[in-house]
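Listed below are the residues making up each chain.
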Amino acid sequence: MRGQTLILLLATIAFSGFAQVPDTLSPEKKVRWKIERMRKEKQALVSEDFQSTLNSITDMASKRIPFVTQKELRRGIADTATVVYVNEGLRSGTFRYDPNSKSPDDSSMVIISGKRRYLRDDSGCLRPEWFGANPNDENDDADAIQKMMNAVPVTGAILKFANGVYYVGKQVNYKAVSKAPKWYFKVIMEGAGVGRTQIFGKVGFAGDMFVINTGAPSGQAKDNYITIQNIEFRANTARRILYGTEIVSLKIYDCMFMGGEDCGIEIGAEATKVPGGYSVYMKNNYHNGQAYGAGQVNALLRLNNCRFFVIDGMESDGGKYSVEMLGPCDKNIFVNCKLEGAKRAAIYSNNLTGGGGENQILNSTLNPYVGIESKALFDGESNCIEIISKAGGNAFNTIRGNLLLCNSLDLLPFIGKVTNSFGKFIAAPDINTHGVVGSSSGAVGYLAGFDQKSSKIIIQVTSGKFTVGETVKQRTTNATAVISALIPKHSHAIKLTGGGGTNIISNNRIRQLPEYGIYNESNDNIITGNAIEALNGVYSTTQSGVIVSDNSFYSPGGTAVTRVNGVLNYSNNRVLIGKLSGVSELYLSSDGGMIKGDIFVEGKSNLKGAITAPSLPEYSNNEAAKAAGLENGALYRTATGEVRVKY
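Reading the values: rules and limits
- Counting starts from 1 at the beginning of each chain's written sequence and moves along it residue by residue.
- Selection of residues for local features in this predicted model requires a pLDDT of at least 70, selection of side-chain atom pairs for listing and counting requires 80 or more, and totals for whole chains, interfaces and linings are taken over all residues.
- Working from all heavy atoms in the structure, the side-chain values ignore hydrogens and water.
- Segments assigned H or I by DSSP are reported as helices when at least four residues long, segments assigned E as strands when at least two residues long, and all are numbered from the N terminus.
- Using a 1.4 Å probe on the protein chains alone, a residue whose accessible area is under 20% of its type maximum counts as buried, one over 50% counts as exposed, and one in between counts as partly exposed.
- Any two residues having at least one pair of non-hydrogen atoms within 4.5 Å are treated as being in contact.
- In this description, accessible areas are obtained by the Shrake-Rupley approach with a 1.4 Å probe, and a residue is regarded as covered only by the protein chains that are shown.
- Nine residue types can take part in a nonpolar core, namely buried Ala, Val, Leu, Ile, Met, Phe, Trp, Tyr and Cys, and a core is a set of them joined through side-chain atoms within 4.5 Å.
- Should DSSP find at least two bridges between two strands, the strands are regarded as paired.
- Simply put, an axis is a line fit to the C-alpha atoms, just over the touching stretch for a helix, and the angle between two N-to-C directions goes from 0 to 180 degrees.
- By convention in these notes, a salt bridge is any Lys or Arg side-chain nitrogen within 4 Å of a carboxyl oxygen on Asp or Glu.

Peer 1: Lay out the overall build of the protein chain in plain terms, naming residues and giving numbers.
Peer 2: Helix and strand content of the protein chain: seven helices and 55 strands. By residue count, 49% of the 647 residues in the protein chain fall in the buried class. Restricting the contact set of the protein chain to residue pairs at least 6 apart, pairs at least 24 apart contribute 61%. Total accessible area on the protein chain is roughly 28,700 Å²; 52% of this is exposed by carbon and sulfur atoms.

Peer 1: Kindly report on the nonpolar core, identifying the contributing residues and their values.
Peer 2: The biggest cluster of nonpolar side chains holds 88 residues, and the ones touching the most others in it are Y174, M189, I199, F210, I228, F233 and L250. Per-element accounting of this core gives the leading share, five residues, to helix 5 (residues 142–150). When sequence neighbours within four positions are dropped, the list of residues in contact with L250 reads I212, I226, I228, L242, I267, S279, V280 and Y281. Counting 14 residues, the second largest nonpolar core, distinct from the first, contains F414, F425, L447 and V472.

Peer 1: Let's hear about the sheet that holds strand 40 (residues 480–486): which residues, and what values?
Peer 2: Pairing is antiparallel in the closed barrel, where six strands are placed in the order 35-38-37-36-39-40. Geometrically, the sheet is characterised by an average inter-axis angle of 45° between neighbouring strands, direction not taken into account. Where strand 37 (residues 444–451) meets strand 38 (residues 456–463), seven bridges bridge the pair, whose relative direction is antiparallel. Paired with D451 across the bridge in strand 38 is K456.

Peer 1: How would you summarise the pairing of strand 37 if you had to cite specific residues and measurements?
Peer 2: Where a strand is regular, its side chains alternate between the two sheet faces. Of all eight residues in strand 37, six are buried; the element is thus mostly enclosed. Relative to strand 37, strand 36 (residues 435–438) runs antiparallel, the two sharing three bridges. Bridging across to strand 37, V436 finds its partner in G445. Linking strand 36 back to strand 37 in an antiparallel pair, the connection comprises five residues, with G442 at a positive phi of about 75°. The antiparallel pairing of strand 37 with strand 38 creates a hairpin that spans four residues between the two strands, and S455 there sits at a positive phi of about 55°.

Peer 1: I'd like a description of the pairing of strand 36, backed by residues and values.
Peer 2: By the bridge criterion, three bridges tie strand 36 to strand 39 (residues 471–474) in an arrangement that is antiparallel. Directly across from V436, in strand 39, lies its bridge partner Q474.

Peer 1: Before we move on, could you go through the pattern of salt bridges and cite the residues and values that matter?
Peer 2: As enumerated under the stated definition, the model contains 27 salt bridges in all. We note a salt bridge from K182 to D223, for which the minimum N-O separation is 3.1 Å. Of the two residues, K182 sits in strand 10 (residues 182–184) while D223 sits in strand 14 (residues 221–223), which places them 41 residues apart along the sequence. Because the salt bridges share partners, they merge into one network encompassing D208, R239, R240, D262, E266, R302 and E324.

Peer 1: Can you tell me about helix 5, naming the residues and giving the values?
Peer 2: By the burial criterion, the buried members of helix 5 are A142, A144, I145, Q146, M148 and M149. Buried positions along helix 5 lie against strand 6 (125–126), strand 7 (157–160), strand 8 (164–168), strand 9 (172–173), strand 11 (187–190) and strand 13 (208–212).

This is the structure in C-alpha cells:
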C-alpha cells in the first residue's frame, strides 16, 4: 500500500507541476492506465512496475511545458526543458531555449538559467507590459514603452497595446532597425480601439510624447514604415503628441489626438529647407484642439515642407488651425474631411519662399467658428481656406466639391485691445454669472476669450455695441479693463493672397453669408460652378486675369462680383440677389461704324444684316436701357460710340 501511495504521489506531483491542458499523448494515457490497473487489481507492487510507471511519468513530463516564475526559471527548476511558460503577471509568456543566443538577461525578452538562455516567443509582436508597463495604474510607462521600442528586431514588429491607460512622462523615440545608407523602422503600433487603448501625457511633462527619426542625420535616405492605429492619445501638458522630420511612409488610421500645448501632430521643421515629410497617409482620425486646463492649441495638424500626403476622413474640432501648412507644401490631398471650430482657418497654407502648391481640397465640410477659447486665438479673421503665396509659389491648387460654412460678420464676436485690466476674467457662456457689461454703452455679452499677454479681449455680444474708451466689467469676478482699440473683423470662405495663382475653384457651396465668398488677389484663377452665398461673392484685386463663370450668387445687401483691377472674364453666371462692380457689361467697341470681335448675347436676339453704331438707340449703361424697356439681347450704343448688348 505504501508503494501504491508513492506511485499516486509521484503522479500527482507530475500532473500538478507540469500539466497545462490535458492532451491525448500516449505517455499520459499509459500512466493513467497503469495506476488505474493497480487500484482495481490491488496487485502486489514489484520493482519492475514501479520502474515502468516512473519512466512513463518522466517521459510525460519531458513532453510538457513547465509553468514557472522568472525566479524559478533562473534557479533551474525547468531542468533541460526547451520550452517554458513564465507565469509572471503582465510579463507572462512562452520562452524557448536558444543555444545560439548571447543576449543579456533583461527580464523581458531574455531570461538566463545557468548556462541556458531562454528567449521570449513573441510571434512578431511586442507588448509594453513585458517591459514593465501597466495600463491599470497611473505610473509613468515611458521607460517601458521605450524598452519595447528598443527591442524591435531588424525584421520589425507589431507593438500591441492593451485595453487601459498608459502614461508617458518623457519623450519616447521610435527605434531605427537599420541605419545608413537607409533608415528603416518597420513597426505597427496597434491598440484595442479609441476609448479602449489610451496613451496620456503625464501631467507636468512639457516635451514631445513620441518622436520619429531621432538621431537620424539630415539628408540620409529614410523609409520609416511606421503604422499607428486604433489608439487614443491625450497630450495633457505635453507640447506635441507626435513629431518628426523627414518622415517617409507613415500611416495613421482610426486614432484620436487630443490637445498638445502647441499642436497635436507636427511633421517637419519650419526653419529648415529639408523636406519635412513624404508619402504619408492618414485616414479616419479625430483631432481635438482643447489644450490642458483651458484654451486651444495652435494647430491640430502642422505640416512643414511636406508633399504627397493623403488626409482622408479627418475630423476635428477647435485649434487656431485645423490644418496648418508652412513652407513649400505641395501635392497634398485633403478629402472627405470635416473640420470645424478652427479659430483662424480650417485649412491654412502659408508659403513665402516660393515653390509648393498643387494641393487638393476635395469633398470636405469646413466650418470655422470662435466659440469659447480662453487663450483668445481668434485674431479677427475667420476663414475656411486661406492660401498665402509669394513669387508664384503655392499655386495650381484645386478646391472642389466642398461645403464651406463661414460666419457672417454679425455672428463673429467683438474683439478689441484693452488696458488697465484688473482681476481675473473667466471665459464662459453663462451671461448671468460671467456676463460682461460696458460702462457707458450698456452693451452686454459673455466673455469668449481674454489674453493678458496680448491685451486682447473677445466678447460675444448679445445686445448693444461696445465702444473704445469704456470700461468693461465682468459679473461675479468683478474683473475690469478699458477698451483701447477695436480689432477689425473679417470672414472669408476662401482667401487667396500673394503672387500664386492658377487655382481651380469649382463646385463648392459657400453658406452663412461670410463677408467674402472668394477673396482673390492671386492671378489666373478659374472660379466656376460654385453656389456662393456671401456679402461679397467674388472680390478680385488681381493684376492679371481671373475667369468667373457658371456660378450662382446670393449677396443680399452686397456685391455679387467685384473687380477692383486687372481682367475679370465674367460669363454665364446667375445673380439671384446682389449687384456687380467693375465687371464688363459684355460690350464691343465700334471702329468706323463696324463692330469688331465676337458678340455674347444673354437671352434671345434677332440680328440681321450689317449693324452700325449710329443706327442704334443711345443709352448710358445697361440700367438706363433696362429702364427704357429695351428687351434683353438688343443692341444699343453709348455717347462715346461703344456698342453694347442689353442683358
